[in-house]
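Descriptive structure summary
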Amino acid sequence: MIITAANNNWKAGASRNNDDASCSGMTSNNAVSQMLLEMVEGVVESSMKEIEAQVERTARSTNIREANDHVPAIYDALGRSVASVSFTANVDPILRLWPREEIRSGDVFLWNHPYESDGGIGHLPDLCFTMPVILDGEIVAFVQELGHVQDIGGPVPGSLSQTATELFAEGLIVPPVKYYEGGVRNEAVFQILRANTRFPTDMEGDVDAMISGVRLGVERMEWLCRQYGVEQVKAAFGALIDRCQQTMLEDILPQIPDGTYAHEDFVEYVDVVPGEERSFIRIKVTMTKTSDRIHFDFGGTDAQVLGSINFPADERFYARALVTTFKAFVPERFVINDGVLGVVDVTVPEGSVLNPRFPAACSYRHYPLIRCFSVVLGVLARALNGGVPQGADNMSGVSLSGVHPDTGESWYLSMPLGGGSCGRPYADGTDTVLMTPGKNVPSEYAESFYPFSVLEFGLNPDSGGPGLHRGGLGYRILLRFDAPTQVRVRTDRYYMEPTGVNGGKAGKAAEFVLNPGGAHEQRLPGKTDDGRASRGDVLLITSPGGGGWGDPLEREARLVEEDVRTGLVSERSARDDYGVVDGDPEATRALRDDIRRSRPPLKLFDRGEMFAELAAAGRVRLTVADDLPAGG
Amino acid sequence: MTCPLAVEAAVRSTAWHLGIDAGGTFTDVMAVSSDGRIQVLKVPSTPARPVLGPLNGIEHMKPTLEVGTIASVSHGTTVGLNALLQRKFPPVGLIVTRGFKHVLEIARHTVPGEWGTIYSWVKPPRVVPLSQVHEIDERVSQDGNVVTPLDEASVHHAADALAAAGARTVAVCLLHAYRFAAHEQRVREILLEHRPDWLISLSSEVMPEFREYERMVTTATNAVLAPLVGQYFAEFGAEVSSVVGPDTSVYIMRSAGGVASPEEAAAHPLRTALSGPAAGVVGMGRLAREAGFGHAITFDMGGTSTDVSAVEDGEPHLTTDASIDCYPLRTPTIDLVTIGAGGGSLIAIGTARRIMVGPDSAGADPGPVCYGKGGMEPTLTDANLVLGRIPQALVGGEFALDAAAARAALETRAAQLAMDGHTLAYSAVEIVCNNMAGAVRQVSIKRGLDPRQYTLVAFGGAGPMHAARMAELLGMPRVLVPVHPGLGSCAGLILSDVRIDQSSTFLRLESDFDAGQFASLFTRLEEALAPNLECYSDVVTQFQRSVDMRYLGMGTELNVPAPAGPMTAGWLEQLVADYHALHEKIFNFSYRGSQAVQSIALRVTAVGRRSTRIPEYDFAHAVSRPTVAARRSALFNPERGFELAPVYRRVDLPAGWSERGPLFVDQYDTTTVVLPGHGVGVDEHGNLIIHNPGATA
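Residues numbered from 1 in each chain as written. Chains lettered and ligands numbered in written order. Predicted model: local features only at pLDDT ≥ 70, side-chain atom pairs only at ≥ 80, totals over all residues. Heavy atoms only, no water.

1. Let's talk about the nonpolar core
Formed by 150 residues in total, the largest nonpolar core has its most connected members in Phe129(A), Tyr179(A), Leu193(A) and Phe237(A). The dominant element in this core, judged by the number of residues it contributes, is helix α13 (residues 421-444) of chain B, at 13 residues. Non-local contacts of Tyr179(A), meaning those with residues more than four positions away in its chain, are made with Val108(A), Phe109(A), Leu110(A), Phe129(A), Val184(A), Arg185(A), Asn186(A), Val189(A), Phe190(A), Leu193(A), Val207(A) and Ile211(A). (Core = buried A, V, L, I, M, F, W, Y, C linked by side-chain atoms within 4.5 Å. Buried < 20%, exposed > 50% of the residue type's maximum accessible area, 1.4 Å probe, protein only. Helix = DSSP H or I, 4+ residues; strand = E, 2+ residues; numbered from the N terminus. Contact = heavy atoms within 4.5 Å.)

2. Details of helix α5 (residues 152-164) of chain B
Residues and elements named next belong to chain B. For α5, spanning 13 residues, the distance from its first C-alpha to its last is 18 Å, which sits close to the expected 18 Å at 1.5 Å a residue. In this structure, the buried residues of α5 make contact with β5 (92-97), β6 (133-136), β9 (169-173) and α6 (182-194). Positive phi appears at Gly166, one or two residues downstream of α5, with a value of about 80 degrees. (Expected span 1.5 Å × (residues − 1).)

3. Quick notes on the sheet that holds strand β7 (residues 259-268) of chain A
All names here are of chain A. An order of β7-β8-β9-β10 is seen for the four strands of this open sheet, with the pairing classed as mixed. Of all strands in the sheet, those bounded by a partner on one side alone are β7 and β10 (344-347). Averaged over all pairs of adjacent strands, the angle between strand axes in this sheet comes to 15 degrees, irrespective of strand direction. The pairing of strand β9 (residues 294-297) with β10 spans four bridges and is classified as parallel. When the bridges of β10 are listed, Phe296 appears paired with Val346. Helix α8 (residues 315-323) rests against β9 and β10 of the sheet, and its axis sits at about 125 degrees to β10. (Pairing = 2+ DSSP bridges. Axes fitted to C-alpha atoms, helices over the stretch in contact; angles between N-to-C directions.)

4. Examining the confidence of the model for chain B
Residues and elements named next belong to chain B. Of all residues in chain B, 96% attain a pLDDT of 70 or more, and the chain-wide mean is 88. This model gives residues 1-12 a pLDDT under 50, and the stretch forms 17 contacts once residues within four places in sequence are excluded. Reported confidence for the predicted complex is 0.89 by ipTM and 0.86 by pTM. (pLDDT = per-residue confidence, 0-100.)

5. Concerning the side chain of Arg650(B)
All names here are of chain B. As for its position among the elements, Arg650 is in the loop between β32 (642-649) and β33 (658-660). Although Arg650 is buried, it forms no salt bridge, and the closest oppositely charged side chain is Asp683 at an N-O distance of 7.2 Å. Ignoring anything within four residues of it in the chain, the contact list for Arg650 reads Val481, Pro482, Val483, Pro485, Val665, Asp666, Gln667, Gly686, Asn687 and Leu688. (Lys, Arg positive; Asp, Glu negative; His and termini not counted. Salt bridge = Lys/Arg side-chain N within 4 Å of Asp/Glu carboxyl O.)

6. Comments concerning the environment of Val111(B)
Along the chain, Val111(B) turns up in the loop between α3 (103-106) and α4 (117-120). Residue class for Val111(B) comes out buried when judged on its relative accessible area of 11%. Distance in space between the C-alpha atoms of Val111(B) and Ala182(B) is 35 Å, their sequence separation being 71 residues. Once residues within four sequence positions are removed from consideration, Val111(B) is found in contact with Val433(A), Leu434(A), Thr117(B), Ile118(B) and Trp121(B).

Spelled out as structure tokens, the structure:
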């Protein structure tokens, strides 16, 4: 084990001059390495924070500076991720394409090509910058920043098109290149980047911000090596990976019963691309758990689609990402790095939406990724009789663009929208949370720079699925446009609700309606690139609520009454779903008894009424039995 | 022997200046006189009625002052900080524009931490519960025009509901109130008609800047602190005046590192949330400057936490982007990084045999195992004791420590890792120093400061024990340990200037800058401040003007001091040039000549310079050739093993003394650890200066 190598090298001969017998254990291998490990991990993690801060403070686009859609990473010389970041790219293209001796200090590698990124990049706006850390001629580490720039060309402002049918239509493709060679920028690459974006100033600012962040990280790693020695640091990186694996093996795996479990869910794909007949794309996983391994087999997942919801990632990416669902199993901070690869295997069928063939379009590749989380949480619920949190189906968003009437200039704003997360065995779900670190757009900020007013920015009553622990609420937002505006809706859980678990009911699906209740009311599709609003139009935006967890009749009446008072739950839902009559414990008890007697047995999964209708109409079909009883 | 010092003008008799720092357990009092005397004492804090601690302190101090008058009393407190940390809030209401009652619930819709935390994270309680948030009908546009007039009936309705709910304090945060405050002001009038005793916080006064969540949470936090902190300061001012007389100036330390009158402090309770920690930074920064080290990083390590901050030429760096616990704090605050580790931090074993030091702490009760008060879990202090780095008895020998118990506890814990107790102890100290070094990097490097050019000023009970190792890790050239490491905050209280500030949002593109408009807005801000300055007749006041600026479209503003001279076109050019230069300094690049700059806000700070000084150290007990008081077997480095290191008594050391480590300097309330190979000396002010031979710059 690498951990031993680390110790043997640490201050060789440490006890040689030691006359004091009480100190004889000081050179114990395990001992010193634990200390060195904490130090190296401390510097790695604080460097990650410093890089993030540096990028956010200097970046230009709303995407990066307000929504923080970027992520740093640190890899060892072998290209293994050693920092606590589960959702990141890799450095394999560098290792594959450049001989080691051609990788030099001051080089900045750049790429965004999803099919040349060894599964690390999902779509073109994610520009990936990497620098090597080289000491005494030896590569010790790589530092990387992956950031979603505002625009990289393509058919629509912001580049992300749901209707693009191949990669070439989605924007500028950059294969792995040296953007800086020995500290000198390749001006041609810079000019090509600038020429291929609608917002060149944003691009320049974002790129410089990311590179300055990477440089900071490189300085930090160089310091680390000088402080503790290259060999120590290399060994410690290996030990950090071992430690992640050890946590998986010793603390997480024992909590999951051995066995094979399968679950499936769907990405919505209704009327997105003409000529695509499928409306619901199946994501299916079969988890086989043994004492020392977990295998996620995505066999049975649907084939890639014409439109842009394909995710060209690889097994390693999926393994790191999916393990984040295990975080609730360990009480303290769990650093997920490449150590999970020794425990978790992933199989994704080639040609599926999770492993498409070049040049499938992939702008909106995160929809299937989120459904991967849903199905993994689903198999865990099956394995643990419902005793786990469920999904947070919340990477909705809306993109708005047009020409500003005051300045005559084009504007573009992407508003990320969190949704409610599912109730947990120990707590209600959280309102309006987003899977990524992206922040919402302040209304005062939006109104100051863009031609629309925010009439309402709140929570959507009754959107959280009823349960012993209620699902979190989704957004309810009302905008009024002061100029013609193009509206791009991008949400899932629009045609079927987020799942309720262990007797909890499904949450409410998302909805986008122009001029609700008005003469020109128009329900927009859940995924569209060409919603059009005129001056004076009002747009209602709601994001999905989380599913409930546990029997709603078991929820404390006091909590239901509080939700009714604050308007988060309607009186009707309090009565029908929770059996609560406000302020009348006697009536509540009677009503709850009544409901209990007449209802069907509680189910492990409640996929909601919209799903039931789709299933009844034959538009979706489950291949794994889903009608399981709640676990209690 | 007393040394002369600059005597304040027009002081006829001896004038005493008191600094009172009230912490969670003890209240420290320092008195310095205009003729160079200094007195210090410690009394228990009184959490049940916080004002009693300081009053007791003054009562005990008065007899020792002999002749003379008390010219000023300056106070730092953790009353506000503790309320926030313990989330002990009074009944509070919040009034918002219709359509925005969920803004506090939603916040910025983010989950702290990494992917996957979304499943486990539970949202902490909001400052104002949703049931006490009320919407009123009104609407103002982003350019400050009224779109919907204020519907007063809706305000009355909200007031009735809040009165029925027993609210004591009310926050008002209406959309775009940073541009247009009249609606909020009218709402306050109506609320006070209902309940004249309500304390009202208006967002247009607490933080007149855009981004509604940040302004709303800041205003709401101000509101919950108002009854507690506001009334505390009012009470403090009145009680202290009654004890020391009406001619004494009474000051309260605020988070931005300046003092203000109790009335001013009570009016802006949130601005005193970091009162206590700020005093320490100011005091130690000044002291370092006096010692000839303008660039200082202050390192205050106590029992449960550690505060780190950077100081430039005696002046702390400020930020408007701080937070306490989960609550953002958008008022000017000393840029401080707090780490949840101190002497009482527990040494625990986590998953995958991870060694963890803190954030869980044994606190003051039961405290470390070696205190013998029932603590069973080993702490950092126990580790230091087992390594021989602290004496077997504390507080000048009065308080014996149980080394055997500490060792046993560490051995037990270490057995879980199949290592021995000493190894665990050594590892724990190293891990903590490394984490602290990370905090120092956060306050320095992110601001473009290179710690290798800074002096580490170590104070608090545990600071001087760990500082030398941190200097090594960071490549810092030296450590300064002041004469009274436990009384850093008191010194800061006595030395602090009066600072009162005012700001206003001013969104303008560089191409639209108008010098006359800047001048008139600055004048207006200064006029708004003027009435608040009347009570500081004893200090000389000057205004400092500055502009928050950024590149158009960037998310972070930099605060640029206004150039000197009349506000002309040339002044505007200089302002923009200064912004580019500052950007370059902090971020290593700028867009001079290629990208447009935008102003975000104008700020004015009224600074009243006080003429107080800390008297020169009195080397009364120093001896010309200090002898080794004892020798301790200690472990500094596993390579060297345990070795006998000399122990010196701090009071023995004369100016100019120097020696080479390993050695210890023990004093009443702390021990300074000088590592092997480090030089140590005493300067003319009595400061211990440790030289790190490995410093790289």
